[in-house]
Amino acid sequence: MELKSNHTAPVLTDPAPISKSRLCIHPSLLPFSSPAFRSGMLVTIPRKKTGILDDVRSSSWLDAMKSSSPPHKKITKGSNAELASSDTDAEYRTWMLKFPSALTSFEQITNCAKGKRIALFLDYDGTLSPIVDNPDCAIMSEDMHTAVSNVAKCFPTAIISGRSRDKVYEFVGLKELYYAGSHGMDIMGPVRQSDFDDHLSCITSTDQQGKELNLFQPASEFLPMIDEVFRSLVESVSEIKGAKVENNKFCVSVHYRNVDEKSWTTIAQCVGNILKDYPRLRLTHGRKVLEVRPVINWDKGKAVEFLLESLGLSNCDDVLPIYVGDDKTDEDAFKVLRERNQGYGILVSSVPKESNAFYSLRDPSEVMEFLKLLVIWKSSAL
Ligand SMILES: O=P(O)(O)OC[C@H]1O[C@H](O[C@H]2O[C@H](CO)[C@@H](O)[C@H](O)[C@H]2O)[C@H](O)[C@@H](O)[C@@H]1O
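These notes cover the structure that comes with them.

Criteria and thresholds
- Residues numbered from 1 in each chain as written.
- Predicted model: local features only at pLDDT ≥ 70, side-chain atom pairs only at ≥ 80, totals over all residues.
- Heavy atoms only, no water.
- Helix = DSSP H or I, 4+ residues; strand = E, 2+ residues; numbered from the N terminus.
- Buried < 20%, exposed > 50% of the residue type's maximum accessible area, 1.4 Å probe, protein only.
- Contact = heavy atoms within 4.5 Å.
- Areas by Shrake-Rupley, 256 points an atom, 1.4 Å probe, with all protein chains shown as cover.
- Phe/Tyr/Trp six-rings, centres within 6.5 Å; stacked < 30°, edge-to-face > 60°.
- Lys NZ or Arg CZ within 6 Å of the ring centre and 35° of its normal.
- Expected span 1.5 Å × (residues − 1).
- Arc of directions from axis to C-beta.
- Core = buried A, V, L, I, M, F, W, Y, C linked by side-chain atoms within 4.5 Å.
- Axes fitted to C-alpha atoms, helices over the stretch in contact; angles between N-to-C directions.
- Parallel < 35°, antiparallel > 145°, perpendicular 65-115°, else oblique.
- Left-handed = near helix turned anticlockwise from the far one by under 90°.
- Nonpolar A, V, L, I, M, F, W, Y, C, P; charged D, E, K, R; others polar.
- Near = heavy atom within 4 Å.
- Polar contact = N/O pair within 3.5 Å; in protein donor to acceptor, adjacent residues only side chain to side chain.
- Pairing = 2+ DSSP bridges.

To continue, consider the overall build of the protein. A count of helices and strands for the protein gives twelve helices and 13 strands. The 382 residues of the protein split such that 52% are buried. Long-range pairs, those at least 24 residues apart, make up 67% of the contacts in the protein with a sequence separation of at least 6. A total of about 18100 Å² of accessible surface is found on the protein, and carbon and sulfur atoms cover 51% of it.

Listed below in structure tokens is the structure:
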């Protein structure tokens, strides 16, 4: 894939600063039931003890940090290493009985897709690009770029990522896709009258090609808060070697992949210390990353529902949504598909994991094979 530094987003960039009258969140997005929140207006929440620091001190945080990503595979020689590896393989094969490979089950998937319209949702990191040490270098391979481009010509396709929408577009650069950044809190999707249109945070605009698109940013009022927290986090972890803070627009990632394990508690404390002053922000664990995000009732699962609705594919029996992702945040989307009893979640993992997905793929190269198979199947069905 050719990456240009002056790459411009295919779709409209963010609108001018949102006026005060728009500084509100639809009540359905709020997790609180207090009358102040129900009014949907921006309110000040009194500071309270969040328990974050207690959590940080407890071993559960550290455990979560340690188990958040499978370790890089090391090639070790010797009979013990070989035994361990055959144990791991056996464990994986047993796990696959519950989460069969989407490649070997491809016929089963397409049998179910016959006469249906597939809608494809793809996570980015760990799904389309392999996990790498430097988040700025997580570029898709040329082959993956072609595979995604081809599949998007066959089915409506969206990328739903924890990254900022602009960053994902910079990496992917395909105009034919829809993009949802910040774990679905920044969606650029098609325009359509839908149940979601009464959300005040939905804005219709046109892109550089004159195409009308809908920008949906349910957490827009959090922007100044996220910027402030981002700056505090950068300063707070600046002394920790290898720590990196990434501004994902409506959320912030604090990476510790390159931090010595001895300093993980310190990094957790830095984050906890800052978050205790922001009760409207919460923390989730990703792959060697702590993710700070607004406390609103919105996630990748809601983003899938929103996009299906915008695409005119909601409430139809002839639609088969497929979601492919590797991370904990993708579980929200898998869960939505399970609850709708519609379509399939496909977990990308090289190690056994509990999941709400139906199928599995081992790594991004298998994801690419799966996308290629979908294109072949679609062309042969024409
Ligand atoms: O929803 P996603 O598209 O999967 O984004 C989740 C996070 O992905 C990125 O971090 C992860 O990938 C990096 C590059 O391979 C890796 O260095 C890091 O350890 C992983 O956590 C991204 O940088 C984060 O901001 C996203 O939240």
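Having seen the structure, we can now continue with the description.
It is worth spelling out the packing of aromatic side chains at this point. One pass over the structure, following the stated rule, counts twelve aromatic pairs. Considering the side-chain rings of Trp-298 and Phe-306, the 6.2 Å spacing of their centres and the 75° angle between planes classify their relative orientation as edge-to-face. Among the residues examined, Phe-306 registers a relative accessible area of 1% and is labelled buried. Through successive ring pairs, a cluster of aromatic residues spans Tyr-92, Trp-95 and Phe-99. Directly above the aromatic system of Phe-358 lies the positively charged group of Arg-338, at a separation of 4.2 Å from the ring centroid.

Here we take up helix α8 (residues 223–236). In a regular helix each residue adds 1.5 Å, so 14 residues correspond to 20 Å; α8 covers 20 Å between its end C-alpha atoms and thus fits that length. The complete set of buried residues in α8 reads Ile-226, Val-229 and Leu-233. Buried residues of α8 fall within an arc of 65° about the axis and therefore sit on the same side. Facing away from the buried side of α8, by more than 90 degrees, are the exposed residues Pro-224, Arg-231 and Glu-235. Elements in contact with the buried residues of α8: β7 (244–247), β8 (252–255), α9 (264–275), β9 (281–286) and β10 (289–294).

A few words now on the nonpolar core. Membership of the largest hydrophobic core comes to 60 residues, with the highest contact counts inside it found for Phe-121, Leu-233 and Val-292. The greatest single-element share of this core, amounting to seven residues, is contributed by α9. Counting 40 residues, the second-largest nonpolar core is a separate cluster that includes Ala-147, Leu-177, Tyr-179 and Ile-346.

The subject of this paragraph is the packing of helix α5 (residues 106–113) against helix α12 (residues 364–381). Look at α5 against α12: their axes get within 12 Å of each other, and the N-to-C directions meet at 45°. Judged by the inter-axis angle, α5 sits oblique to α12. The two elements α5 and α12 cross, and the hand of that crossing is right-handed. Contacts from Phe-106, Ile-109, Thr-110 and Ala-113 of α5 reach α12 at Phe-370, Leu-373, Leu-374 and Trp-377. Broken down by class, the residue content of the contact of α5 with α12 amounts to seven nonpolar, one polar and no charged.

Turning to α9, a few remarks are in order. In an α-helix, one full turn covers 3.6 residues, which means residues spaced three or four apart are oriented alike. With twelve residues, α9 should reach 16 Å at 1.5 Å per residue; the first-to-last C-alpha distance of 17 Å fits that figure. Within the span of α9, buried status applies to Trp-264, Ile-267, Ala-268, Cys-270, Val-271, Gly-272, Ile-274 and Leu-275.

This paragraph deals with the site of the ligand. In the region of the ligand, 21 residues are neighbours, and Val-132, Glu-246, Arg-257, Arg-287 and Glu-291 sit closest. Contacts to the ligand include Tyr-124, whose backbone N or O atom sits 3.4 Å from an oxygen atom. Taking Asn-248, its side chain carries an N or O atom lying 2.8 Å from an oxygen atom of the ligand. Taken by itself the ligand offers 570 Å² of open surface, and the protein chains cover 99% of this. At the level of elements, β8 and β10 are the ones that each hand at least two residues to the shell around the ligand. Each residue belonging to the shell around the ligand can be placed in one class, and the counts come to seven nonpolar, five polar and nine charged.

With that settled, the discussion passes to the environment of Val-245. Structurally, Val-245 can be placed in strand β7. Distance from Val-245 to Asp-207, taken between C-alpha atoms, is 30 Å for residues 38 residues apart in sequence. The residues touching Val-245, leaving out its near neighbours within four places in the chain, are Phe-230, Leu-233, Val-234, Val-237, Val-252, Ser-253 and Val-254.

What follows deals with the sheet that holds strand β13 (residues 359–361). Pairing in this open sheet of nine strands is mixed, and the strands run β5-β6-β4-β3-β2-β1-β11-β12-β13 from one edge to the other. Both outer strands of the open sheet, β5 (202–206) and β13, are each paired with one neighbouring strand and no more. Put simply, the sheet's adjacent strands are angled 20° from each other on average, direction ignored. Where helix α10 (residues 300–310) meets the sheet, its contacts fall on β1 (117–122), β2 (157–160), β3 (178–181), β4 (186–190), β5, β6 (212–216) and β11 (319–325), and the angle it forms with β4 comes to roughly 20°. With respect to the sheet, α12 is in contact with β1, β11, β12 (344–348) and β13, its orientation differing from that of β1 by roughly 160°.

Moving on to the pairing of β6. Taken residue by residue, a regular strand's side chains alternate between the two faces of the sheet. With four of five residues buried, β6 lies mostly within the body of the structure. In this structure, β4 lies alongside β6, joined through four bridges in antiparallel fashion. Each residue of the ladder has a partner; that of Pro-190, found in β6, is Leu-213. With five bridges joining them, β5 and β6 adopt antiparallel strand pairing. Bridge pairing in β6 places Ser-205 opposite Leu-213. Hairpin connection between β5 and β6: a loop of five residues separates the two successive antiparallel strands, and Gly-210 in this loop has a positive phi of roughly 85°.

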